Amino acid sequence: MNRPHRFRPGQILSHVILLFLAFLFMFPFYVMIVTSVRSPAELFVPEFRWLPESFTGLRYYIQAVADIPALTFLKNGVLISGGILIVQLLTAIPCAYALAKFEFRGRDLLFALVLFSLTVPIQAPALPLFLGLNAIGAIDTYFAAMVPFFLSVFAIFLFRQTFRTYPDEIIQAARLDGMSEWAILWTVVVPGCLPSVAAFSIFSVTAHWNDLYWPMVVIRSNDLMTPPLGLAFFADSESGANYGALMAMATILTAPLMIGFLLAQRHFIRGITMTGVK
Amino acid sequence: MTAAVQLRNISKSFGETQTLRDVSLAIRPGEFMSLVGPSGCGKSTLLRILAGLAPQSGGTISIDGTGIDHLPPSARDIAMVFQSYALYPHMTVRQNIATPLRMRRLPAPARLPGIGRLWPGQRSKHNGIDQAVIDAARLVEIEPMLDRRPAALSGGQRQRVALARAIVRHPRVFLMDEPLSNLDARLRVTMRAEIAALHRRLGATFVYVTHDQVEAMTMSDRVAVMMDGEIVQCASPAQLYGNPRDLRVARFIGSPEIATISSDELIAENGGFAPVLPRDPVTVAFRPEAVLLSPAADHLEIPATLERIEQLGPELLVFLRLGSGTRLSARAAAGRIPLSAEGQSLSAWLPARGFMLFDANGRRLDAPHIREFADAG
Amino acid sequence: MPADLTQSVSISRAPRRLGAILSPRIAYGLAAPSVLLLVLTVMAPIMMMILLSFTSYKFGETGIEWIGIGNYAQLFGDRTFRRALWNTFAYVLMVAPASVLLGLFLAVLIDGLSKGQRFYRLIFFLPVTATVVAMAMVWKYLLHGTIGPFNLLLQSLGLPSLDVFGGRDLALAGLAAINIWSLAGFNMVLFAAGLTAVPEDLYEAAAMDGMDSKFDRFLNVTLPLLGPVTMFVIVTSTITAFKVFDTVAVITHGGPRGATDVLLYTTYLEGFSYFRMGSAAAMTVVFLAIMMVFAWIQARVLDRKVHYR
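Below, the structure is looked at part by part.

Conventions adopted
- Residues numbered from 1 in each chain as written.
- Chains lettered and ligands numbered in written order.
- Predicted model: local features only at pLDDT ≥ 70, side-chain atom pairs only at ≥ 80, totals over all residues.
- Heavy atoms only, no water.
- Helix = DSSP H or I, 4+ residues; strand = E, 2+ residues; numbered from the N terminus.
- Buried < 20%, exposed > 50% of the residue type's maximum accessible area, 1.4 Å probe, protein only.
- Contact = heavy atoms within 4.5 Å.
- Areas by Shrake-Rupley, 256 points an atom, 1.4 Å probe, with all protein chains shown as cover.
- Lys, Arg positive; Asp, Glu negative; His and termini not counted.
- Charge placed at Lys NZ, Arg CZ, Asp CG, Glu CD.
- Expected span 1.5 Å × (residues − 1).
- Axes fitted to C-alpha atoms, helices over the stretch in contact; angles between N-to-C directions.
- Parallel < 35°, antiparallel > 145°, perpendicular 65-115°, else oblique.
- Left-handed = near helix turned anticlockwise from the far one by under 90°.
- Pairing = 2+ DSSP bridges.

### Topic: the overall build of chain B
Scanning chain B from terminus to terminus reveals nine helices and 17 strands. Principal-axis analysis of the C-alpha atoms places the extent of chain B at approximately 85 × 45 × 35 Å. Across the 377 residues in chain B, those meeting the buried criterion constitute 52%. Excluding contacts between residues fewer than 6 apart, the proportion of contacts in chain B whose partners are at least 24 apart in sequence is 66%. Accessible surface, chain B as shown: approximately 16,700 Å² in total, 51% of it carbon and sulfur. Once the 43 positive and 37 negative side-chain charges of chain B are each reduced to a mean point, those two points are 10 Å apart.

### Focus on helix α10 (residues 181-192) of chain A
An α-helix turns once per 3.6 residues; consequently, residues spaced three or four apart project the same way. In this model α10(A) runs 15 Å from its N-terminal to its C-terminal C-alpha over twelve residues, within 8% of the 16 Å that 1.5 Å per residue would give. For α10(A), the complete set of buried residues consists of A:Glu181, A:Ile184, A:Leu185, A:Val188, A:Val189 and A:Val190. Structurally, α10(A) contributes buried residues whose contacts are with α4 (70-101), α8 (153-164), α9 (168-176) and α11 (194-210) of chain A together with α2 (24-52) of chain C.

### Things to note about the packing of α4(A) against α2(C)
α2(C) packs onto α4(A) with a crossing angle of 130 degrees between their chain directions and a minimal axis gap of 8 Å. Between α4(A) and α2(C), the angle is such that the two are oblique. Handedness of the crossing formed by α4(A) with α2(C): left-handed. Packed against α4(A), whose contacting residues are A:Thr91, A:Ala92, A:Pro94, A:Cys95, A:Tyr97 and A:Ala98, the element α2(C) presents C:Ala27, C:Leu30, C:Ala31, C:Pro33, C:Ser34 and C:Leu37 at the interface.

### Examining unusual backbone geometry
Residues and elements named next belong to chain B. The residue after Ser255, namely Pro256, is reached through a cis peptide bond having omega 0 degrees. Checked against the element boundaries, Pro256 lands in the loop between α8 (247-252) and β11 (259-262). Although it is not a glycine, Asp64 sits at a positive phi angle of roughly 50 degrees. In this fold, Asp64 is placed in the loop between β4 (58-63) and β5 (66-67). Assessed through its relative accessible area of 41%, Asp64 is described here as partly exposed. For Asp228, which is not a glycine, the phi torsion comes out positive at approximately 50 degrees. Here Asp228 shows up in the loop between β9 (222-227) and β10 (230-235). What makes Asp228 exposed here is its relative accessible area of 51%.

### Observations concerning the sheet that holds β11(B)
Residues and elements named next belong to chain B. Spatially, β11-β12-β17 is the arrangement adopted by the three strands of the open sheet, whose pairing is antiparallel. Only two strands of the sheet have a single partner each, and these edge strands are β11 and β17 (356-358). Neighbour-to-neighbour, the strand axes of this sheet turn through a mean angle of 30 degrees, independent of strand direction. Bridge count between strand β12 (residues 283-286) and β17: three bridges; the pairing is antiparallel. Residue pairing in the sheet places Thr283 in a bridge with Phe358 of β17.

Okay, here's the thing in structure tokens:
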């Protein structure tokens, strides 16, 4: 409460510095939004104006949704990051439970492999995965966009740490009550560890919503593009001339995560930084 | 190296709530003064104000007659031992103990971690500090651990390091904030004796905060009992026990707790009490040793039920219940009374004089001879 | 992680988990889907990738020719690859220190505030959640050589305009600035967690010990206690910067004239544009090896992190 190094003049100086930095940090967001509602002619006036002279309203937003398949990109983003998350939870949670609460031969080896895989980024297995998907004719499908991420070793690691702190007595009581292991896991243990599940879900969805690399490798058709890929593709094909529509689209595709963040700041900060804190 | 401390009309409020109201206390040079009270009574706040870690809302503090209200903590010539010890985890024991001296004696560049030693012209100061650290460590018997980090020490050893860090400065006043509360029961008893011995050896003024009345009673010259932001009574341990000014003090000091009975009930149990009690209803209190289980002169008999017996070795604690449900406890030598089943009826003999009387507000009625506690002078 | 070790040791001595007396078949059943995926999507592809790096395989060819370390020999003789490697390290050297220092600066400044902590944390964390590709577009426009608001500002101040992504000199630094912007808030949160872990009474003890100035307490208490967190933040920032891809792919495409060619982008082009799988695999092996070094350092740092407590 009264940490001795808090005094008034310092407070004001801190606020001045922080407000200046906050302005710099927010400026790109401001430019994004203001550019999406001003007429293209204004962009080439050799002077930066804070507010648009002629307000174009939602024109570019309508254009982004109508001419450019922004809604399709959004839908793909939801399907792909949602699909990835569901499979990740369905596979990682049982595996983490086995690692945390069972003794079996090969457990230590499995955990060592999990720890090793934590350090392997998607780019490492990318070439063979691409070749394999190509061999089975699965390039340019939702499946191809999702499959490398079905296994999240980070989820296994995180849930193992969480489950280890879950009291054995409750699990034993459930066994004595005649519940199956599967039922214990999903109706007893997981509901008791929801904060971890929520934090991981935010982490996972954010990571895969924003990912550009893998969709760039396996997605070809416009119908299947994720938000970042669609945006990058659109920017290239328009050769960057139509800034209004570009910024409107950038706003639309960034909005879902930003709104999520503003609504649940603490969960988001926890989820996104958990790789760092753990 | 020892000093008198004067607190005059100290008050502290956080917004609406007043944690300290008008607290005055005169601590004599070299005295071991304990502040004791239930948690939330304001004793730690008072200590922090004395240390300069928190500003008071009103009142003044002086040491040896000089006001120190405007001084930062480091300039007050006061050392403090924290409840959590507050040792710097990244420093060795040696560095921890040396810190107060380094900060005071060395110029800023020579204090820089690591490279500070390279600053020229400080050799004799460094040597002086090194020697002082060793002396302080020897005093609390942690010399062999000087090069360890706090994490590698036991709770008791950390406690000693915290003491050494306070001793090394030779301050005029030592403040201790529940220094033993993180130790196990056995170690607490040992350290209690050691701190008392340290006080005698250093001869400095000690102000000791605790919620444990046994600690306060066993170590202190005087004890200030705090309740709800006020000092209710400040007296020697013997006086606090035998002559409490307030029912709250009487209840707080002593174990088992003092028994209280309304005068009406007492008279109803034995009419013999009617002439010795005031006419207005009062509360009568009996320490366990005042309650006898066999007849004695100047004692009156009342019927009771045996509730429970606790064996303490040489003596017994006997817990009794009166007809109305009021509880009494008594001390008895082991083997002196026939032990029997719980629920058995027996008689207790209560003194017909020399008991303590309290009015409806808990103020002591029968002891005009008690000195005023706030002899601020 | 020593804590884990001691625990597993005590468990092997006295099995306390009820699972031990259940059939391990249940455990295998629970772990099986993950193990299958681990083999199919991580282990086998990595093995294949390493094998691939010893071939001259091109996508679409039917036969595979073993060329030993030919790809590696060629890589280190290749000026483009060496430039990509050099660019990547230069990029890391710009991003990691700046984002760590800025994160620390923000965290300390915000921690000292009595009002508005939440507000500032929100502002500085916002770029972390923003989609990199979208923000890269914004930055590209912002720093545009003629119509970008940044240049309009410079001109209005009477300064010469800068074509950040148009010339070779500033392109990499421009990309680094974007990454610093998006990473500083992340580091700030990690440092903030470290700061709240510093017990309040340590500052009080420091005040009693004679550290009267803020600076003394920062130097003697805050900074040493943040030491382990700082090491950790440095390593994670280094790894993040090392994996730079999105901004290059969206803004500069490695240009102008190779000035922003970085390891992952070069590897991507080699494998998925030119379809020279063999040499792309060799590049990936180099990339993975460097990542493993970082991971090893990170594990060491994690060990030290437990040290003070």
